[in-house]
Amino acid sequence: MPYDPMIVQPMKAELTAIGFEELLTPSDVDAAMKRPGTALVVVNSVCGCAAGGARPGVALAVQHEAKPDHLLTVFAGQDLEAVQRMRKYITGQPPSSPSIALMKDGQLIGFMPRHAIEGRGPDMIAQALTKAFDQVCAPQAA
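Residues numbered from 1 in each chain as written. Predicted model: local features only at pLDDT ≥ 70, side-chain atom pairs only at ≥ 80, totals over all residues. Heavy atoms only, no water.

J.: Whenever I open this one, the packing of helix H2 (residues 26-33) against helix H4 (residues 80-89) confuses me. Can you help?
T.: Each packed pair of helices is defined by two parameters, the angle between the axes and the distance between the axes. Remark: H2 packs on H4, axes separated minimally by 7 Å, with the N-to-C direction vectors making an angle of 30°. Contacts from Pro 26, Val 29, Asp 30 and Met 33 in H2 reach Glu 81, Ala 82, Arg 85, Met 86 and Tyr 89 in H4. Looking at the contact of H2 with H4 residue by residue, the classes come out as six nonpolar, no polar and three charged. (Axes fitted to C-alpha atoms, helices over the stretch in contact; angles between N-to-C directions. Helix = DSSP H or I, 4+ residues; strand = E, 2+ residues; numbered from the N terminus. Contact = heavy atoms within 4.5 Å. Nonpolar A, V, L, I, M, F, W, Y, C, P; charged D, E, K, R; others polar.)

What follows is the structure in structure tokens.
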């Protein structure tokens, strides 16, 4: 049974307020994964490590000069079918929430599972993400 939407709305809003697109259905996920370019996907959740690390870390990271073309989120425990579909794109990784995936042209190129988020502060998470952004999202030199 999904979480009460009123309970999770503030947690969802932490990401949508900073420009993340909420993917609510499997077709939303499929359409987003067909877009060319890079995407940061946050599998959001109600747990403490999402509140204390993942969401604040992502918020810091997306202020970086180099960042993905698309900012996307699904909510574990709420948008069940969308999360299930997104996990099909996060290939080779067990289900994990919260988690943060970096995609390029719909393919997984980087992944931060729950165990890499737990016990880490927002600054550490943001630093790891911005390092990845610099490698794959920075404009190519002419």
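J.: Help me understand unusual backbone geometry, please; the structure alone is not making it clear to me.
T.: Across residues other than glycine, the phi torsion is negative in most instances, and most of the peptide bonds are trans. Cis geometry is adopted by the peptide bond preceding Pro 98, which originates at Ser 97 and carries an omega value of 0°. Inspection of the secondary structure puts Pro 98 in the loop between H4 and strand E4 (99-104). We note that Asp 105 has phi near 50°; this positive angle belongs to a residue other than glycine. Counting through the fold element by element, Asp 105 comes out in the loop between E4 and strand E5 (107-112). Judged by its relative accessible area of 45%, Asp 105 falls in the partly exposed class. (Buried < 20%, exposed > 50% of the residue type's maximum accessible area, 1.4 Å probe, protein only.)

J.: Would you mind going over the sheet that holds strand E3 (residues 70-75) with me for this structure?
T.: Sheet strands line up and pair through hydrogen bonds in the backbone, either parallel or antiparallel. Read from one edge to the other, the open sheet built from five strands follows the order E1-E3-E2-E4-E5, with strand pairing classed as mixed. This sheet does not close on itself; its edge strands, each paired only once, are strand E1 (21-22) and E5. Relative to E3, E1 is paired through two bridges, and the arrangement is parallel. Each residue of the ladder has a partner; that of Glu 22, found in E3, is Thr 73. (Pairing = 2+ DSSP bridges.)

J.: What exactly am I supposed to notice about the pattern of salt bridges here?
T.: When their charged atoms lie close together, side chains carrying opposite charge are able to pair. Evaluated as defined, the whole model comprises six salt bridges. Here Glu 22 ties to Lys 12 by a salt bridge, and the two come within 2.8 Å at their closest N and O atoms. Of this pair, Glu 22 sits in strand E1 while Lys 12 is found in helix H1 (residues 5-16), placing the two residues ten residues apart along the sequence. Using a relative accessible area of 9% as the deciding quantity, one classes Lys 12 as buried. Measuring nitrogen to oxygen at the nearest pair gives 2.8 Å for the salt bridge that ties Glu 21 to Arg 35. (Salt bridge = Lys/Arg side-chain N within 4 Å of Asp/Glu carboxyl O.)

J.: Got a minute to help me understand the pairing of E5 in this structure?
T.: A regular strand places its side chains so that they alternate between the two faces of the sheet. When E4 meets E5, the two strands line up antiparallel, connected through five bridges. Within the sheet, the bridge partner assigned to Ala 101 lies in E5 and is Phe 111.

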